[in-house]
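Chain by chain, the residues run as shown.
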Amino acid sequence: MTDNMKYDVVVIGAGHAGVEAGLASARKGLSTLMLTINLDNIAFMPCNPSVGGPAKGIVVREVDALGGEMAKVIDKTHIQMRMLNTGKGPAVRALRAQADKVFYQQEMKRVLEDEPNLDILQGMVDEIIIEDETVKGIRTNIGTIYDAETVIVTTGTFLRGEIILGDLKYSSGPNHQMPSVPLADQLKDLGFDIVRFKTGTPPRVNSDSIDYDKTEIQPGDDTPMAFSFETTDFILDQLPCWLTYTTENTHMIINDNLHLSAMYSGMVKGTGPRYCPSIEDKVVRFDDKPRHQIFLEPEGRNTKEVYVQGLSTSMPENVQRQMLSTVPGLENARMMRAGYAIEYDSLVPTQIWPSLETKKIKNLFTAGQINGTSGYEEAAGQGLIAGVNAAAKLLGEEPMILSRSEAYIGVLVDDLVTKGTSEPYRLLTSRAEYRLLLRHDNADLRLTEKGREYGLISDERYDAYNVKSANIEAEMNRLQTVRIKPNERAQSIIEQRGGTQLKDGILAYDLMKRPEMNYESIMEILGEDIVLAQSEFEQVEIQIKYDGYIKKSLAQVDKMNRMEKKKIPADIDYDAVHSLATEARDRLKKVKPLDIAQASRISGVNPADISILLVYIEQGNVKRVEA
Amino acid sequence: MQLETISSISTPVGEGAIAIVRLSGIDALEIADKLYKGNKSLSEVDTHTINYGHIIDPSTAETVEEVMAAVMKAPKTYTREDIVEINCHGGVHTVNRVLQLTLKHGARMAEPGEFTKRAFLNGRIDLSQAEGVMDFIRSKTTEASKVANQQMQGRLKTYIESLRQSVLNILAQVEVNIDYPEYDDVEETTTSFLLDEAKKVEQEIEQLLKSSSEGKILREGLSTVIVGKPNVGKSSLLNYFIQDDKAIVTEVAGTTRDTLEEYVNVNGIPLKLVDTAGIRDTDDIVEKIGVERSREALKNSELILYLLNNNEALTAEDMEILDSIADQKVILIVNKLDLDNRLDIADLESRYPGMPVVKTSIVNSTGVDELEEKIADLFFDGSIQSTDSTYVSNNRHISLLEQAKQAVSDAMDSAEMDIPVDIIQIDLVKTWELLGEVIGEDVSEQLIDQLFSQFCLGK
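Just so it is clear, the structure is predicted and the values come from calculations on it, not from any experiment. (Residues numbered from 1 in each chain as written. Chains lettered and ligands numbered in written order. Predicted model: local features only at pLDDT ≥ 70, side-chain atom pairs only at ≥ 80, totals over all residues. Heavy atoms only, no water.)

Observations regarding the overall build of chain B
At step 1: Each helix and strand in chain B was counted, giving 15 helices and 14 strands.
At step 2: In chain B, buried positions account for 53% of the 459 residues.
At step 3: Summing over all exposed atoms, chain B offers an accessible surface of approximately 20200 Å²; the carbon and sulfur share of this is 49%. (Helix = DSSP H or I, 4+ residues; strand = E, 2+ residues; numbered from the N terminus. Buried < 20%, exposed > 50% of the residue type's maximum accessible area, 1.4 Å probe, protein only. Areas by Shrake-Rupley, 256 points an atom, 1.4 Å probe, with all protein chains shown as cover.)

Structure follows, in structure tokens:
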């Protein structure tokens with residue numbers, strides 16, 4: 001027996017993954033300790049001051065539907081919110097908010113402080129204590145040991161972080177905080193496959209020094225909007241962003257100083273994300289482009305710092321100043337923080353189960369950038385999954401694994417653990433094969449039930465969800481029975497909307513499928529007042545209008561679900577399956593898919609291998625790997 | 001357990017006396033009944049009976065084949081599923097059509113070894129035989145992929161790759177609008193843009209299907225020899241064929257201008273011009289005709305373009321060679337029409353009635369269009385047989401192409417109904433994936449790669 005303090009769950013890190021992980025396990029009733037190097041940096045946004053966007057915004061709503069916190073906090077702390085892709089179909093619409101960075105952190109910190117089962121503590125973890133390949137606790141850099149049943153590592157870019165700026169390279173976490181090196185050494189010593197990734201951030205400038213007259217205003221939407229399905233207070237007092245462009249002169253300065261850029265001097269060893277290129281990269285790779293967009297984004301209401309989106313760079317500080325001075329509006333800009341590139345260690349994510357537990361060490365979970373992703377939202381989604389599953393493991397519950405047809409979070413986790421990633425991974429809508437089903441408007445309908453099952457959804461919220469889904473269903477059914485006659489009122493409304501007149505009576509349901517019709521116009525024809533909430537009749541409308549396409553997607557999902565039901569024993573000995581192709585066998589041994597559907601997504605595993613595997617499992621006598 | 005219905009030709013490829021198309025699965029009877037006309041529908045006949053009737057193409061009401069259809073209802077069948085075996089008599093072409101009809105009406109092309117796999121999964125084959133089943137699937141797959149690989153070399157692959165690339169460009173443009181809505185370099189993709197692009201893709205797939213409708217997707221090109229006396233215009237013809245757009249650069253190692261083969265495209269028909277170096281180097285193939293190699297080339301060719309001089313009477317040498325190739329496909333080209341006529345063309349036509357005559361002045365580009373048409377006619381009416389078309393895997397390809405065409409036409413329907421671009425995209429992605437399946441490409445990351453290589457995106 002020791003007299004160490006003991007927790008069910010210890011979370012290392014308090015970034016966007018860490019906070020969701022800690023909250024989820026605490027809310028599942030487990031005693032949770034969250035450690036972070038600096039308590040003032042909880043839920044810090046080291047890069048862009050925004051949350052959401054295509055795919056990512058949908059993840060924020062999914063986190064919310066599963067009882068997470070990101071949506072609620074950004075709803076309270078944003079300075080601007082916009083609905084994107086409004087001119088396109090419902091599947092790709094998404095919210096994006098500009099955050100008040102400091103306010104966001106304060107708000108998230110308060111939520112953590114209020115959480116009964118959660119202790120937050122300033123401290124750096126140097127070692128995870130492991131016995132028999134099982135987690136036992138952690139030791140901090142000042143030698144304190146905390147016993148723990150499970151540990152969740154959410155170290156972001158701190159893990160052996162190194163900042164690179166011009167010809168300078170030094171050990172550092174993001175925003176010049178302390179990096180985490182001993183822990184990185186330990187993970188390496190444990191035999192984890194580690195890769196080196198890189199990301200970067202642009203300079204910040206003082207708002208007073210910007211000549212906004214030379215830029216274009218980018219206002220937020222003035223309709224009330226929110227990420228969380230529970231939010232009722234909307235922020236309507238919004239701050240604009242501003243758009244400007246690089247010039248030929250900017251590009252000239254970059255080209256002239258390319259030898260000084262860390263990216264091109266060979267100093268950077270890590271792989272950077274293609275979707276987040278530095279301005280050096282953009283100029284070199286797309287040298288025919290005369291200019292690149294620069295968005296000027298305020299970092300908050302109580303600061304004059306402005307984030308120069310589009311100018312991510314690792315050039316020396318003085319070159320960054322010269323670059324800024326060539327951008328219209330920024331001629332006299334006073335730089336407050338220089339941009340920089342940062343390299344960090346991350347795990348090859350095929351070493352992780354879909355529950356986000358590592359395959360090598362029992363009860364050790366990882367989430368966020370350590371798993372090879374980038375982005376606050378991707379981190380939050382994983383954090384929630386890791387937190388739920390660390391707790392579920394101790395509670396003897398099945399792990400929460402979201403399928404690719406249920407959530408973007410499911411797509412994200414499956415991509416990581418099944419295919420791995422060769423660069424920092426960002427979610428894109430094109431990664432989701434069922435994106436018509438994974439809409440931002442139906443995140444609650446998709447996931448509230450699951451959140452409830454894992455104890456993360458309150459009674460009140462669950463009741464509201466049940467009412468909403470019942471209303472939607474009842475209305476869908478009703479419209480299939482209501483007939484619209486070709487009377488004068490109907491014809492004139494249809495004509496007004498540019499449609500062709502009715503020849504015969506038609507079901508309201510079918511009339512709504514016409515491109516020119518919507519729910520409101522159908523109610524108008526019927527002479528009925530709208531009693532459903534907008535979020536309800538919006539669902540009715542989308543589900544009716546896109547019925548054919550939704551059914552097509554569902555048919556594909558059905559096929560996949562059948563394959564998901566065919567489980568593969570975790571300890572199957574692939575060497576005993578003689579007919580497998582060598583490459584397939586190697587990949588299967590590494591990824592250890594849980595079911596046939598996951599196996600079929602591994603690159604290098606072809607349909608014949610899947611057939612062979614099916615037959616092998618079916619014959620019943622599966623040879624197991626000896627423990 | 002009854003699974004989705006699969007179909008394939010279950011007899012060895014080639015001109016056997018009969019050939020069997022086998023359907024197995026939950027809809028086997030239903031699919032067969034859509035095509036079969038007999039005294040009773042196949043769903044009504046007793047199990048384990050063989051029934052006389054006809055296969056009709058429902059879209060044209062045309063009778064495709066006279067058949068005997070064996071009906072075996074589950075569970076006492078090889079796969080323990082409903083099975084229909086359609087016995088055909090009409091040779092490779094007809095059997096292929098019957099197979100295509102089953103695929104078009106709801107069946108899926110069977111994977112290699114799939115009937116056996118089903119027999120096992122449905123408990124028909126004993127557990128102790130599992131190992132054998134697995135090896136069987138492996139060997140069938142290896143065999144099939146060997147055949148597919150052979151077939152996919154060369155032109156068809158290049159063609160489909162470029163078709164896929166154009167679909168990919170459309171997809172990337174839509175995706176960049178979706179994932180980077182603020183990115184202003186790319187014009188917002190509209191449904192009318194998509195409609196135009198989709199139409200082009202549909203036409204190309206249509207074209208491919210047309211060329212394959214006779215089972216004649218050519219992978220290597222018709223092996224073709226240009227023959228004639230010195231200075232009769234062989235080099236000019238060769239140069240005409242390979243001028244700018246007609247030249248096809250192959251990726252086969254060593255296939256360069258100074259080797260023995262040139263690939264050209266004549267009215268959509270690939271020709272592999274053999275022994276072209278001979279033409280270039282010596283311009284004297286007639287003198288070299290005694291050389292065994294050239295005789296071999298003539299004998300093995302699928303098409304011979306024989307050049308004669310309008311300005312000269314037929315020589316004994318010409319006649320000797322023409323007699324020796326009388327049973328091959330030969331087009332007689334009477335060149336140098338711009339010079340005085342000294343060749344007795346009527347006599348030539350009566351002497352070699354099987355050989356079409358085309359009159360040209362190649363240097364003036366006169367008559368060359370007619371020559372191209374003649375080649376196309378001979379090809380499409382089946383007079384020229386290519387030795388390198390194999391039918392089995394073609395069916396898989398054709399079936400995938402049919403599905404791809406369906407997907408792209410679904411996309412067009414949606415575009416016409418003014419459905420949002422991201423939803424039209426669903427069918428375009430499917431088109432692209434199906435085309436990828438034809439050439440066996442891994443599709444997972446390509447779209448995203450395209451996105452980031454084509455556009456300059458990011459914060």
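What about the overall build of chain A?
At step 1: Across its full length, chain A carries 20 helices and 22 strands.
At step 2: Over its C-alpha trace chain A gives a radius of gyration of 26 Å, about what one expects of a compact globule, namely 25 Å for 627 residues.
At step 3: If you line up chain A on its principal axes, its C-alpha atoms span 80 × 75 × 50 Å.
At step 4: When burial is assessed residue by residue, chain A has 62% of its 627 residues classed as buried.
At step 5: Considering only residue pairs separated by 6 or more positions, chain A has 72% of its internal contacts joining residues 24 or more positions apart.
At step 6: By element, 48% of the accessible surface of chain A is carried by carbon and sulfur atoms, the whole surface being about 24200 Å².
At step 7: Charged side chains of chain A number 73 positive and 91 negative; the gap between the two group centres comes to 4 Å. (Rg over C-alpha atoms; globule rule 2.2 N^0.38 Å. Contact = heavy atoms within 4.5 Å. Lys, Arg positive; Asp, Glu negative; His and termini not counted. Charge placed at Lys NZ, Arg CZ, Asp CG, Glu CD.)

With respect to the pairing of strand β10 (residues 162–165) of chain A
All names here are of chain A.
At step 1: Summarising the sheet, β10 and strand β11 (residues 168–171) pair through 4 bridges and their orientation is antiparallel. If you follow Glu162 over to β11, its bridge partner there is Ser171.
At step 2: Taken together, β10 and the strand that follows it, β11, pair antiparallel across an intervening segment of 2 residues, in which Gly166 is found at a positive phi of about 60°.
At step 3: Pairing of β10 with strand β19 (residues 340–347), which is carried by 3 bridges, proceeds in the antiparallel orientation. Each bridged residue has a counterpart across the sheet, and for Ile164 the counterpart in β19 is Ala341. (Pairing = 2+ DSSP bridges.)

Some words on the interface of chain A and chain B
At step 1: The partner chain B presents 51 residues to the 58 residues of chain A that form the contact.
At step 2: Summing both partners gives a buried area of about 4600 Å² for chain A against chain B, and 58% of it is carried by carbon and sulfur.
At step 3: Here chain A and chain B share 4 salt bridges between them.
At step 4: Between A:Lys552 and B:Asp427 there is a salt bridge, with its nearest N and O atoms 2.9 Å apart.
At step 5: Counting only elements with at least two residues in the side of chain A that touches chain B, the list comes to α7 (279–285), β16 (293–298), β17 (305–309), α17 (547–565) and α20 (607–618) of chain A.
At step 6: Here the residues of the side of chain A that touches chain B are counted per class, giving 27 nonpolar, 16 polar and 15 charged. (Buried area = accessible area lost by both parts, 1.4 Å probe. Salt bridge = Lys/Arg side-chain N within 4 Å of Asp/Glu carboxyl O. Nonpolar A, V, L, I, M, F, W, Y, C, P; charged D, E, K, R; others polar.)

Things to note about the sheet that holds strand β14 (residues 216–218) of chain A
Adjacent strands of a sheet form backbone hydrogen bonds with each other and so pair up, either parallel or antiparallel.
All names here are of chain A.
At step 1: Across the sheet, which stays open at both edges, the 6 strands sit in the order β14-β15-β16-β17-β13-β18 with antiparallel pairing between neighbours. The open sheet has two edge strands with one neighbour each: β14 and β18 (335–337). The mean angle between the axes of side-by-side strands here comes to 35°, regardless of whether they run parallel or antiparallel.
At step 2: As defined by bridge partners, strand β13 (residues 204–206) adjoins β17 across 3 bridges and the pair is classed as antiparallel. Looking across to β17, one finds that Arg204 is bridged to Tyr307.
At step 3: Along the sheet, helix α8 (residues 317–325) makes contact with β13, β17 and β18, crossing β18 at roughly 135°. (Axes fitted to C-alpha atoms, helices over the stretch in contact; angles between N-to-C directions.)

Brief notes about the side chain of A:Lys88
At step 1: Along the polypeptide, A:Lys88 turns up in the loop between β4 (78–84) and β5 (94–99).
At step 2: The class of A:Lys88 is buried, set by a relative accessible area of 6%.
At step 3: Looking at A:Lys88, its side chain comes within polar contact range of the main-chain oxygen of B:Asn177, at 3.2 Å.
At step 4: Ignoring anything within four residues of it in the chain, the contact list for A:Lys88 reads A:Arg93, B:Asn177, B:Ile178, B:Glu188, B:Pro420, B:Val421 and B:Asp422. (Polar contact = N/O pair within 3.5 Å; in protein donor to acceptor, adjacent residues only side chain to side chain.)

Comments concerning the domain arrangement of chain B
All names here are of chain B.
At step 1: We note that the domain assignment places domain 1 (6–124), domain 2 (130–202 + 393–450) and domain 3 (218–380) within chain B.
At step 2: Across the boundary between the two partners, domain 1 contributes 13 residues, which contact 12 residues of domain 2.
At step 3: Between domain 1 and domain 2 the total buried area reaches about 1000 Å² when both faces are included, carbon and sulfur atoms providing 64% of it.
At step 4: Considering only the surface of domain 1 that becomes buried against domain 2, Gln100, Met109 and Pro112 emerge as the three largest contributors, covering 45% of it.
At step 5: The interface formed by domain 1 and domain 2 holds 0 salt bridges in total. (Domains from an automatic or database assignment.)

So, the packing of helix α2 (residues 56–65) of chain A against helix α9 (residues 376–395) of chain A
Residue and element names in this part refer to chain A.
At step 1: Axis separation between α2 and α9 bottoms out at 9 Å; the angle between their running directions is 30°. In terms of orientation, α2 and α9 fall into the roughly parallel class. You can see that α2 and α9 cross each other, and the crossing is left-handed. On the side of α2, the interface is formed by Lys56, Val59, Val60 and Val63, while α9 contributes Glu377, Glu378, Ala380, Gly381 and Leu384.
At step 2: Class assignment of the residues belonging to the contact of α2 with α9 gives a composition of 5 nonpolar, 1 polar and 3 charged. (Parallel < 35°, antiparallel > 145°, perpendicular 65-115°, else oblique. Left-handed = near helix turned anticlockwise from the far one by under 90°.)

Details of the packing of aromatic side chains
Residue and element names in this part refer to chain A.
At step 1: Counting across every chain of the model gives 5 aromatic pairs over all chains.
At step 2: Between the aromatic rings of Tyr7 and Tyr146, the centroid separation amounts to 6.4 Å while the plane-to-plane angle is 55°, which identifies the pairing as tilted. One end of the pair, Tyr7, is in strand β1 (residues 5–12); the other, Tyr146, is in strand β9 (residues 145–153), with 139 residues separating them in the sequence. The burial state of Tyr7 is the same as that of Tyr146; both residues are buried.
At step 3: Taking 4.6 Å as the distance between ring centres and 40° as the angle between the ring planes, the aromatic pair formed by Tyr212 and Trp242 counts as tilted. Of the two residues, Tyr212 sits in the loop between β13 and β14 while Trp242 sits in strand β15 (residues 241–245), which places them 30 residues apart along the sequence.
At step 4: Relative accessible area serves as the criterion here: at 21%, Tyr212 is assigned to the partly exposed category. (Phe/Tyr/Trp six-rings, centres within 6.5 Å; stacked < 30°, edge-to-face > 60°.)

Observations concerning the sheet that holds strand β6 (residues 83–88) of chain B
Residues and elements named next belong to chain B.
At step 1: Pairing is mixed in the open sheet, where 7 strands are placed in the order β3-β4-β5-β6-β2-β1-β7. The outermost strands of the open sheet, each flanked by one partner alone, are β3 (36–38) and β7 (108–109).
At step 2: In this sheet, β6 lies alongside strand β5 (residues 62–72) in antiparallel orientation, the contact comprising 5 bridges. Bridged to Met72 within β6 is Ile83.
At step 3: Of the strands in this sheet, β2 (19–24), β3, β4 (49–57), β5 and β6 are in contact with helix α1 (residues 28–35), which crosses β3 at around 70°.

What about the pattern of salt bridges?
At step 1: Under the criterion given, the structure shown has 61 salt bridges over all chains.
At step 2: Of the charged contacts, one joins A:Arg601 and A:Asp414 as a salt bridge, the two residues approaching to 2.7 Å between their closest N and O atoms. Of the two residues, A:Arg601 sits in the loop between α19 (596–600) and α20 while A:Asp414 sits in helix α10 (residues 408–419), which places them 187 residues apart along the sequence. Comparing A:Arg601 with A:Asp414, the two get one shared label, buried.
At step 3: A salt bridge links B:Arg118 to B:Glu114; the shortest N-O distance between them is 3.6 Å. With B:Arg118 and B:Glu114 both in helix α3 (residues 114–121), this residue pair falls 4 residues apart, about one helical turn.
At step 4: You can call B:Glu114 buried: its relative accessible area is 5%.
At step 5: Each of the salt bridges in this network shares a partner with another, and the network as a whole consists of A:Arg160, A:Glu162, A:Lys169, A:Asp185, A:Arg196, A:Glu343 and A:Asp345.

Brief notes about the packing of helix α1 (residues 16–27) of chain A against helix α4 (residues 101–114) of chain A
All names here are of chain A.
At step 1: The geometry of α1 relative to α4 is characterised by a closest axis approach of 11 Å and an angle of 20° between their N-to-C directions. Comparing their axes, α4 and α1 come out roughly parallel. Handedness of the α1/α4 crossing: left-handed. Note on element contacts: α4 touches α1 through Tyr104, Met108, Val111 and Leu112, opposite His16, Val19, Glu20, Leu23 and Arg27.

Considerations on the side chain of A:Asp415
Residues and elements named next belong to chain A.
At step 1: Structurally, the position occupied by Asp415 is in helix α10.
At step 2: Residue Asp415 is classed as buried on the basis of its relative accessible area of 5%.
At step 3: Once residues within four sequence positions are removed from consideration, Asp415 is found in contact with Arg404, Gly420, Tyr425 and Arg431.

Digging into helix α16 (residues 534–545) of chain A
Residue and element names in this part refer to chain A.
At step 1: In this model, α16 (12 residues) spans 16 Å end to end at C-alpha, consistent with the 16 Å of a helix rising 1.5 Å per residue.
At step 2: The complete set of buried residues in α16 reads Glu536, Phe537, Gln539, Val540, Glu541, Ile542, Ile544 and Lys545.
At step 3: Where α16 is buried, its residues touch α11 (443–453), α12 (459–479), α14 (508–512), α15 (519–526) and α17. (Expected span 1.5 Å × (residues − 1).)

So, a negative patch on the surface
At step 1: On the surface, a cluster of negative charge is contributed by B:Asp369, B:Glu370, B:Glu373 and B:Asp377.
At step 2: Structurally, the position occupied by B:Glu370 is in helix α12 (residues 368–380). (Patch = residues over 30% accessible without salt bridge, like charges linked within 9 Å, V, L, I, M, F, W, Y side chains within 5 Å.)

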